[in-house]
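# Structural overview for review
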Amino acid sequence: MAASCSTSNTSGNNADCTSPSPTETIITESGDKGVPGTSSVVVVEPATESSCQGETEDSGGAESPAEDEDNEEEGEGWGEDEEEGSAGEDDQVEDCALLAAATVTPVKGTACSVSPIPATNEASVSRTWRKRKLEVQNGFPSKKLFPEDKTVASSLKKKTHEGCIPLEKVKVQRSVIPSKDNPPPEMYDWLYQFQRWSNAERLLAIDQLIDTCEPTQVRHMMQVIEPQFQRDFISLLPKELALYVLSFLEPRDLLRAAQTCRSWRFLAEDNLLWREKCREAGIEEVRETVARKRQRGSASTVTSPWKAAFMRQHAIEMNWRIKPIRPPKVLKGHDDHVITCLQFSGNRIVSGSDDNTLKVWSATTGKCLRTLVGHTGGVWSSQMSGSIIISGSTDRTLKVWNAESGQCIHTLYGHTSTVRCMHLHGKKVVSGSRDATLRVWNIESGECLHVLVGHLAAVRCVQYDGRLVVSGAYDYMVKVWNAEREECLHTLQGHTNRVYSLQFDGLHVVSGSLDTSIRVWEVETGACRHTLMGHQSLTSGMELRNNILVSGNADSTVKVWDIVTGQCLQTLSGPNKHQSAVTCLQFNSRFVITSSDDGTVKLWDVQTGEFIRNLVALDSGGSGGVVWRIRANETKLVCAVGSRNGTEETKLLVLDFDVESK
């Protein structure tokens, strides 16, 4: 909007001029009395009355002498330019007079102040304009505060560049916070140059930029960049690929991933995925009872039977390791006699004693189901398969029993001394006797199929895999037999004392002796592969699984060996070790369970060799209480306990670690 002003000059002629709009806002950039490169906001308002020659009337009075003196100094040194083309100079003087008549009012919050410029002659104004023009050309680009005022701002910017407002009179400050709508103009040139660079150049520029940034700016970068990498890649992948990725997680991490979102939970419940996890953990089948319970459960419960099987095993393991031990079932029998042999299969427990009897117990109820009577001497060895029980006695016979009815099916005669050991495989059982012979029997017909003769002293231990028979005796020898041909294939010599224990996996024979050594033999060649040294006394019991051997010794220690390399992997000892001879042991892929003459049953970690806790600790331990035998399965532990001096009653203790038992 234009405004008219009336002026008078020396000739008395009237002239019209155009003033700026009532209020105009500009941003200028300068380094005068401020921070270099900063911007300032200036509002220009028109004066009420003005003279085109610069004579200004305002409420504040005339200009100060100092300002006149400044204007005169500004014109010095420019006289040589007065004669340059005067065409258009009148217009420039007119515009200059209009702007000089204006009052510059600072915006609130700025320290900018510009006073009206007094009028001088046309030549002085021209010199001043030229000087200002050179200064403006060397200045910084200006920036608009309000982009929508394009017409007004551009008009004032043009007049400013023509030198009508002295820039050094304007105090400037850059805006505190630039925005996306109002970025620094230099930024576009920088971005354009960055886009032209190669990848290596860009990386170098980024490195240099980060080095020059302050910590707050680096944190801002992180906040902007990190979300760019947060992608739910599992949900975006095809199901097959997503399951392949999840298969690398440990079960514990897989359970955590299932809590992320619904799509992850759906994938983490995949039955085939958990079947692989179960196989890795040694779980080969799903219990039908668990599967049926899951089918009857609500939709929100676990739907994968394999996952349910894995979770059940994990809960059972925690019961063994850390959960409170439930009070055991106490099965009393055999009076004060010694329990010499113990078998445990399914829910049936069979104990043999030197009282000439065997007893059949329910592992669930703890009741004695049957007492097998018929031997005329103490029972010293036994085997069980399904409902069939075979026992060997000091009366030199073997008996075959039906566990369901308690009936003796067969009495096997042939040995001439105590039947000290036996091993059942399928429908055949091999027995070893103090008469130095071994016999192979058919348990269905009761017939003696083969007699193996060759040992020079009592046979103490025997193993049979259906093809070969391996026996250890008090003559320091270990023999490998072909039972069908009644032929001794190899006599394994090396021990220097009685052989008390044997293990045989079809490829290797492992023998333990009173000479404190354990020897590993190749069954096909009869060669001794390793002599395992470390124990200090008789190796009374051993267990072999997948090339891992666990041996218990009368020196109160238990050792874990690798029979392929001959290395001792762990020694189960330390401050919590047994205080007397180890009597029996059992182990699986997670635990080793050991019993001792000190009246305790201990649980160890098979991988680390660390002591976990005592499962049984008799009150009479150390004063006569003994744990003679132990047998365990996945969820139960059966211990045969008693004493030789009457301090502990003979009994069986059944500990239950099943999650489903209450």
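These numbers were taken from a predicted model, which means no experiment stands behind them.

## Observations concerning the packing of aromatic side chains
- A full pass over the atoms with the stated rule returns eight aromatic pairs.
- Aromatic pair Trp-274 and Phe-310: ring centres 5.4 Å apart, planes at 55°, arrangement tilted. Here Trp-274 is found in helix H12 (residues 271-280), whereas its partner Phe-310 is found in helix H14 (residues 305-321), with 36 residues between them in sequence. Phe-310 matches Trp-274 in its accessibility class, with the two residues each being buried.
- When the ring of Trp-604 is compared with that of Phe-611, the centres are 5.4 Å apart and the planes differ by 75°; the resulting orientation is edge-to-face.
- Classification of Trp-604 as buried rests on a relative accessible area of 0%.
- When its relative accessible area of 24% is taken as the criterion, Phe-611 is described as partly exposed.

## Comments concerning the pattern of salt bridges
- Following the criterion strictly, the structure yields 18 salt bridges and no others.
- Here Arg-348 makes a salt bridge to Glu-404, at a shortest N to O gap of 2.6 Å. Here Arg-348 is found in strand E8 (residues 348-353), whereas its partner Glu-404 is found in the loop between strand E13 (398-402) and strand E14 (408-412), with 56 residues between them in sequence.
- Residue classification places Arg-348 among the buried residues on the basis of a relative accessible area of 17%.
- The closest approach of N and O atoms between Arg-529 and Glu-522, which form a salt bridge, is 2.6 Å.
- A residue is classified by how much of its surface remains accessible, and Glu-522, at 25% relative accessible area, is partly exposed.
- Linked through salt bridges whose partners overlap, the residues forming this network are Glu-317, Arg-321, Arg-590 and Asp-605.

## Comments concerning the sheet that holds strand E10 (residues 368-373)
- With antiparallel pairing, four strands are arranged side by side in an open sheet as E7-E8-E9-E10. Where the open sheet ends on each side, the last strands, each with one partner, are strand E7 (339-345) and E10. Pairwise comparison of adjacent strand axes, ignoring direction, gives a mean angle of 15° for this sheet.
- Sheet topology note: the strand E9 (residues 357-362)/E10 ladder contains five bridges and is antiparallel. Within the sheet, the bridge partner assigned to Lys-359 lies in E10 and is Thr-371.

## Remarks on unusual backbone geometry
- Even without a glycine there, the phi angle at His-334 is positive, about 60°.
- Along the chain, His-334 falls in the loop between strand E6 (329-332) and E7.
- Of note in the backbone geometry, Ala-436 takes a positive phi value of approximately 75° without being a glycine.
- The topology assignment puts Ala-436 in the loop between strand E16 (428-433) and strand E17 (437-442).
- Owing to a relative accessible area of 12%, Ala-436 belongs among the buried residues under this scheme.

## Looking at helix H9 (residues 239-246)
- When H9 is considered as a whole, its buried residues turn out to be Ala-242, Leu-243 and Leu-246. Along the axis of H9, the buried residues cluster in a sector spanning 100°; they form a single face. Looking at H9, the residues exposed on the side facing more than 90 degrees away from the buried face are Glu-240 and Tyr-244.

## As for the pairing of strand E26 (residues 528-532)
- In this sheet, E26 lies alongside strand E25 (residues 518-522) in antiparallel orientation, the contact comprising four bridges. Counted as the bridge partner of Arg-519 is Thr-531 from E26.
- Hairpin connection from E25 to E26: five residues lie between these consecutive antiparallel strands, with Gly-526 at a positive phi of about 80°.

## A look at the state of the cysteines
- All told, the structure shown has zero disulfides when counted by the stated rule.
- Cys-584 forms no disulfide, and the closest cysteine sulfur to it belongs to Cys-639, at a distance of 9.5 Å.
- For Cys-584, a relative accessible area of 10% gives the class buried.

## Digging into the UniProt feature "repeat: WD" (unreviewed entry) in the protein
- According to UniProt, the "repeat: WD" (unreviewed entry) feature falls on residues 345-371, 372-411, 412-451, 452-491, 492-531, 532-571 and 575-614.
- Strand forms 60% of residues 372-411 and helix 0%; the C-alpha atoms that close the span are 13 Å apart.

## Comments concerning the pairing of strand E15 (residues 419-425)
- The buried fraction of E15 amounts to six of the seven residues, a majority that puts the element mostly inside the structure.
- Judged from the six bridges that link them, E15 and E16 form a sheet pairing that is antiparallel. When the bridges of E16 are listed, His-423 appears paired with Val-430.
- If you look at the hairpin formed by E15 and E16, you'll find two residues sitting between the two strands, and Gly-426 has a positive phi there, around 65°.

## Examining the environment of Thr-340
- Following the sequence through the fold, Thr-340 ends up in strand E7.
- For the pair Thr-340 and Ser-382, spaced 42 residues apart in the sequence, the C-alpha separation amounts to 9.3 Å.
- Beyond its immediate sequence surroundings of up to four residues, Thr-340 is in contact with Gly-352, Ser-353, Asp-354, Val-379, Trp-380 and Arg-629.
- Among the polar contacts made by the side chain of Thr-340, one reaches the main-chain carbonyl oxygen of Val-379 at a distance of 2.3 Å.

Here is what the cut-offs are and how they apply
- For every chain, the first residue of its written sequence is number 1, and the numbers climb from 1 along that sequence.
- Only residues with pLDDT of at least 70 get local features here, since the model is predicted, and only at 80 or more are side-chain atom pairs given and counted; chain-wide, interface and lining totals rely on the full set of residues.
- To get the side-chain values, take all heavy atoms of the structure and skip hydrogens and water.
- Ring pairs are drawn from Phe, Tyr and Trp, using the six-membered ring of Trp, whenever the two centres fall within 6.5 Å, and their geometry is named by plane angle: stacked under 30 degrees, edge-to-face over 60, tilted for the rest.
- Here a helix means four or more residues in a row that DSSP labels H or I, a strand means two or more in a row labelled E, and each is numbered from the N terminus.
- Exposed residues in this analysis have more than 50% of their type's maximum accessible area, buried residues have under 20%, and partly exposed residues fall in between, with area computed by a 1.4 Å probe over protein chains only.
- Salt bridges are counted wherever a side-chain nitrogen of Lys or Arg sits within 4 Å of a carboxyl oxygen of Asp or Glu.
- The criterion for strand pairing is that DSSP finds at least two bridges linking the strands in question.
- Angles shown run from 0 to 180 degrees and are taken between the N-to-C directions of axes, each axis being a line fitted to C-alpha atoms and, for helices, limited to the stretch in contact.
- By construction, the arc corresponds to the directions joining the helix axis to the C-beta atoms.
- Note on terminology: disulfide denotes any pair of cysteine sulfur atoms within 2.5 Å.
- UniProt positions are given in the numbering used here, feature names are shortened, and annotations may be inferred rather than shown by experiment.
- We call two residues in contact whenever any of their non-hydrogen atoms come within 4.5 Å of each other.
- Polar contacts, as counted here, are pairs of nitrogen or oxygen atoms within 3.5 Å of one another; within protein the pair requires one atom able to donate a hydrogen and one able to accept it, and residues that are adjacent in sequence qualify only if both atoms are side-chain atoms.

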